[in-house]
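Coordinates in review
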Amino acid sequence: MPAEFRQVHLTHLVSLQRAPETIQWYTTLLDRFEGFAAAQGIDRWEDVTPALLLAYQGWVADLHDRWGRLHTVAVRNTHLIVLRSFFAYLCQAGCLQASPASELTLAREPRRLPKPVPSVRQMERFIALPDIRTVLGFRDRVIMEVFYSTGIRLAELINLRVEDIDMDHWFLMIRNGKGRKDRVVPLGRVAGWFLKAYLSTIRGRLRCRTKPDTRHVFLTSRGGRYSGRSLQERLEWYGERLPGIHISPHTFRHAFATHMVQNHANIRHVQEMLGHAKLETTQRYIELTIVD
């Protein structure tokens, strides 16, 4: 299909300051639809019809992820949400007269039971797993301490830079968080102690000599910036050493919020630390079962 419409939409997303990951995801899903449409003999956006989109919805329902599992309803719906947004903007920009996706109906997502949140004792056991006598073990311990002390998101942690840390006042500056918003997050004393020691003695041993200007706080064994997937896999590696409980980056966030409220923290204060725009979102975080 001609690239002009795609470029107009891309410029729009950039102007809205959408995260690079979001833009990449939109690009991937639009590429996927283009491939489907081309297989049906459609090579112009103007020729896309509601019938074609309905057929695409059925095709997406049979897609599998890289582990061979059918995509969840939420992922399947995202394929359609991206198309609805794309065509709606083309109409708004005057590229199309009407959107063929305006009548698309999303599948109903099943109501999921809340995942249990680990207890404080379980979190302490998990955080104590890294061998802090080693460079990588100390780095991993710091990552876990910061996650649990602040409740920041995975993307916020891997994007954290040295200049975003104020050790004099014990806080982190989270820049361009979700919704491209900045916020200040206080740092607990234990996490602060580990982070200060990491910055002064450990991080320099991880820095890559060919890229000495790297400013990200947490570095890989090769001195590069962590990717979200690499960090998830690292936590999974530790999780194999603590059977019976699955802890991901998001588990730290849920546990942080739940344990804060259990210790009588003001829920609006927790909301601010998590960077939630709505109090209802924070309330969902703490309406979970605590496992012991």
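First, a word on what this report is: a plain description of the structure on this page. Model, not experiment: these values are computed from the prediction. (Residues numbered from 1 in each chain as written. Predicted model: local features only at pLDDT ≥ 70, side-chain atom pairs only at ≥ 80, totals over all residues. Heavy atoms only, no water.)

**With respect to the overall build of the protein chain**
Of regular secondary structure, the protein chain possesses twelve helices and five strands. For the protein chain, the spread of C-alpha atoms along the three principal axes comes to 60 × 45 × 35 Å. Evaluated residue by residue, the protein chain yields a buried proportion of 42% over its 292 residues. In the protein chain, the share of contacts with a sequence separation of at least 24, taken over all contacts with a separation of at least 6, comes to 59%. When the accessible surface of the protein chain is summed, it comes to about 16,800 Å², and 52% of that surface belongs to carbon and sulfur atoms. (Helix = DSSP H or I, 4+ residues; strand = E, 2+ residues; numbered from the N terminus. Buried < 20%, exposed > 50% of the residue type's maximum accessible area, 1.4 Å probe, protein only. Contact = heavy atoms within 4.5 Å. Areas by Shrake-Rupley, 256 points an atom, 1.4 Å probe, with all protein chains shown as cover.)

**Concerning the packing of helix α1 (residues 4-15) against helix α2 (residues 20-39)**
The contact between α1 and α2 brings their axes to 11 Å, and the two run at 160 degrees. Accordingly, the angle class assigned to the pair α1 and α2 is roughly antiparallel. Crossing angle aside, the handedness with which α1 passes α2 is right-handed. Taking contact as the criterion, the partners of R6, H9, L10, L13 and V14 in α1 are, on α2, I23, Y26, T27, L30, D31 and E34. (Axes fitted to C-alpha atoms, helices over the stretch in contact; angles between N-to-C directions. Parallel < 35°, antiparallel > 145°, perpendicular 65-115°, else oblique. Left-handed = near helix turned anticlockwise from the far one by under 90°.)

**Concerning the sheet that holds strand β2 (residues 165-166)**
The three strands lie next to each other as β2-β3-β4, forming an open sheet whose pairing is antiparallel. Of all strands in the sheet, those with a lone pairing partner are β2 and β4 (183-186), marking the two edges. Strand direction decides the pairing type here: strand β3 (residues 171-174) and β4, joined by four bridges, are antiparallel. Counted as the bridge partner of F171 is P186 from β4. (Pairing = 2+ DSSP bridges.)

**Describing the packing of aromatic side chains**
This model, assessed by the stated rule, comprises 14 aromatic pairs. Measuring from centroid to centroid gives 6.1 Å for F126 and F252, while their planes differ by 65 degrees, and the two rings are edge-to-face. Residue F126 is found in helix α5 (residues 120-127), and its partner F252 is found in helix α10 (residues 249-262); the two are separated by 126 residues along the sequence. With respect to burial, F126 and F252 carry one shared label: buried. Between the aromatic rings of F138 and F194, the centroid separation amounts to 5.6 Å while the plane-to-plane angle is 50 degrees, which identifies the pairing as tilted. Of this pair, F138 sits in helix α6 (residues 135-150) while F194 is found in helix α8 (residues 189-206), placing the two residues 56 residues apart along the sequence. Looking at F138, the relative accessible area reads 9%, which means it is buried. One aromatic cluster is present, formed by F33, F36, W45, Y56, W59, F86 and F87 through successive ring pairs. It is R241 that lies over the ring of W237; its NZ or CZ is 3.6 Å from the centre. (Phe/Tyr/Trp six-rings, centres within 6.5 Å; stacked < 30°, edge-to-face > 60°. Lys NZ or Arg CZ within 6 Å of the ring centre and 35° of its normal.)

**Remarks on α1**
Under the 1.5 Å per step criterion, the end-to-end length of α1 is 17 Å for twelve residues, consistent within 8% with the ideal 16 Å. Among the residues of α1, those classed as buried are F5, R6, H9, H12 and L13. In a view along the axis of α1, the buried residues occupy a sector of 120 degrees, so they form one face of it. The exposed set on the far side of α1, more than 90 degrees from its buried face, consists of E4 and S15. Looking at the packing, one finds that the buried side of α1 touches α2 and α4 (73-92). Looking one or two places after α1, you find Q17, whose phi comes out positive at around 60 degrees. (Expected span 1.5 Å × (residues − 1). Arc of directions from axis to C-beta.)

**Remarks on the nonpolar core**
Ranked by internal contacts, the top residues of the largest apolar core, which has 47 residues, are F147, L157, L172, L195, Y198, F218 and F252. Looking at this core, the elements that each hand over two or more residues are α5, α6, α7 (154-158), β3, α8, α9 (228-239), α10 and α11 (267-274). Ignoring any residue separated from it by four or fewer positions in sequence, one finds L157 in contact with I143, V146, F147, I152, F218 and L231. Counting 26 residues, the second largest nonpolar core, distinct from the first, contains F5, I42, L53 and L104. (Core = buried A, V, L, I, M, F, W, Y, C linked by side-chain atoms within 4.5 Å.)

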